[in-house]
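Coordinate inspection notes
Residues per chain are reported as follows:
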Amino acid sequence: MKNNTLPFLVNDDFAAPLAEQGLVIKCTGFDVAAYQPDCYQQFNIPLPQRVSKAVPKRQAEFLAGRYCAARALSALGSDNLNVQSGENRIPIWPQKTIGSISHTAGKAVAVAGWQRDYAGVGIDCETLVSDEVCERIYDTITTPEDSQLFDNGCWQKPWFFTLMFSAKESLFKALYPTVNKYFGFDKAQLLEVTEEGFVIALRETLNSRWQKGQTFSGRYLSLDGYLVTLLMLPH
């Protein structure tokens, strides 16, 4: 890979401390206004035909995410650094590897690991929602159990909502490759939130392996208005 010499990307690896054993996390800041189509060539990232037809903002987000994924795979020791895009825009990771990609306003993050170590992994990055947005969509994303957990805690509502949303996104990303179907926010609930981690459970059976009541542990990091969650599936 070529070194970053353009203002589009600013490496900062803000979420790297989340990485667990056998996983590599790489992050970058990016400036959509500085994006140019030749950035793909500059960073040696393939530009899929579907993405080439998208608006510049989408092209910039895709590039930033794939750039982080390539860096993570390189640090992991993979010979193949290309994460292809499958149906429904699901990333297809190189053979024997697993991973996850996320991007939000000005930040992108990716995690990579080996299939031998984990059954799946999910990562998600969000900006903290505003009070207004939280109040408008809180009930559409939150289960009764989520609300009870919030009522029993002492968190600010927008922060709790962002964490809950992100944790469910990470769970979906980790599980989708093995269940191969979409499931909504109502199919999972937060059970516990600590200073650095969370426990989330399925409210519905997805297949013979991932069943109702199963719990998963994850980690999170809050920094400068961003929140990143990471969730690993054991074998």
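Preceding this paragraph is the structure being described.
Procedures and definitions
Residues numbered from 1 in each chain as written. Predicted model: local features only at pLDDT ≥ 70, side-chain atom pairs only at ≥ 80, totals over all residues. Heavy atoms only, no water. Core = buried A, V, L, I, M, F, W, Y, C linked by side-chain atoms within 4.5 Å. Buried < 20%, exposed > 50% of the residue type's maximum accessible area, 1.4 Å probe, protein only. Helix = DSSP H or I, 4+ residues; strand = E, 2+ residues; numbered from the N terminus. Contact = heavy atoms within 4.5 Å. Disulfide = S-S within 2.5 Å. 1 Å grid on protein atoms, 1.4 Å probe; cavity = no way out; pocket = protein on both sides within 12 Å on 5 of 7 lines; lining within 4 Å. Points joined across faces, edges and corners; volume = space filled by probe spheres on them. Nonpolar A, V, L, I, M, F, W, Y, C, P; charged D, E, K, R; others polar. Salt bridge = Lys/Arg side-chain N within 4 Å of Asp/Glu carboxyl O.

Our next topic: the nonpolar core. Looking at soluble globular proteins, one finds that nonpolar side chains tend to be buried together. Leu190, Ile200 and Trp210 are the most contacted members of the largest nonpolar core, which has 32 residues in total. Sorting the residues of this core by element identifies α4 (131-141), α5 (144-152), α6 (157-179), β8 (188-193), β9 (197-202), β10 (215-223) and β11 (226-233) as the ones contributing at least two each. Apart from residues no more than four positions distant in its own chain, Trp210 is found in contact with Ala119, Leu175, Thr178, Val179, Leu202, Thr205, Phe216, Leu233 and Pro234. Grouped together as the second largest cluster of nonpolar side chains are 28 residues, Val24, Phe62, Cys68 and Ala110 included.

For the rest of this paragraph, the subject is the state of the cysteines. The final tally for this structure, using the stated rule, is zero disulfides. There is no disulfide at Cys27, and the cysteine sulfur nearest it, in Cys68, is 6.3 Å away. Residue Cys68 is classed as buried on the basis of its relative accessible area of 0%.

We now examine the layout of surface pockets. Roughly 860 Å³ of internal volume is contained in the largest pocket. Forming the walls of the largest pocket are 39 residues, and the residues nearest its centre are Arg89, Ile90, Pro91, Ile101 and Lys173. The volume enclosed by the second largest pocket comes to roughly 170 Å³. Contributing to the lining of the second largest pocket are 13 residues, with Ile45, Pro46, Leu81, Asn82 and Val83 lying nearest its centre. It is helix α3 (residues 56-76) that provides the largest number of residues to the lining of the second largest pocket, a total of three residues. Taken together, the residues of the lining of the second largest pocket sort by class into eight nonpolar, four polar and one charged.

Okay, the pattern of salt bridges next. By the definition in use, this model includes 11 salt bridges. Glu145 serves as the salt-bridge partner of Arg203, at 3.3 Å between the closest nitrogen and oxygen. Taken together, the positions of Arg203 in the loop between β9 and β10 and Glu145 in helix α5 put the pair 58 residues apart, joining distant regions of the chain. The class for Arg203 is partly exposed, based on a relative accessible area of 28%.

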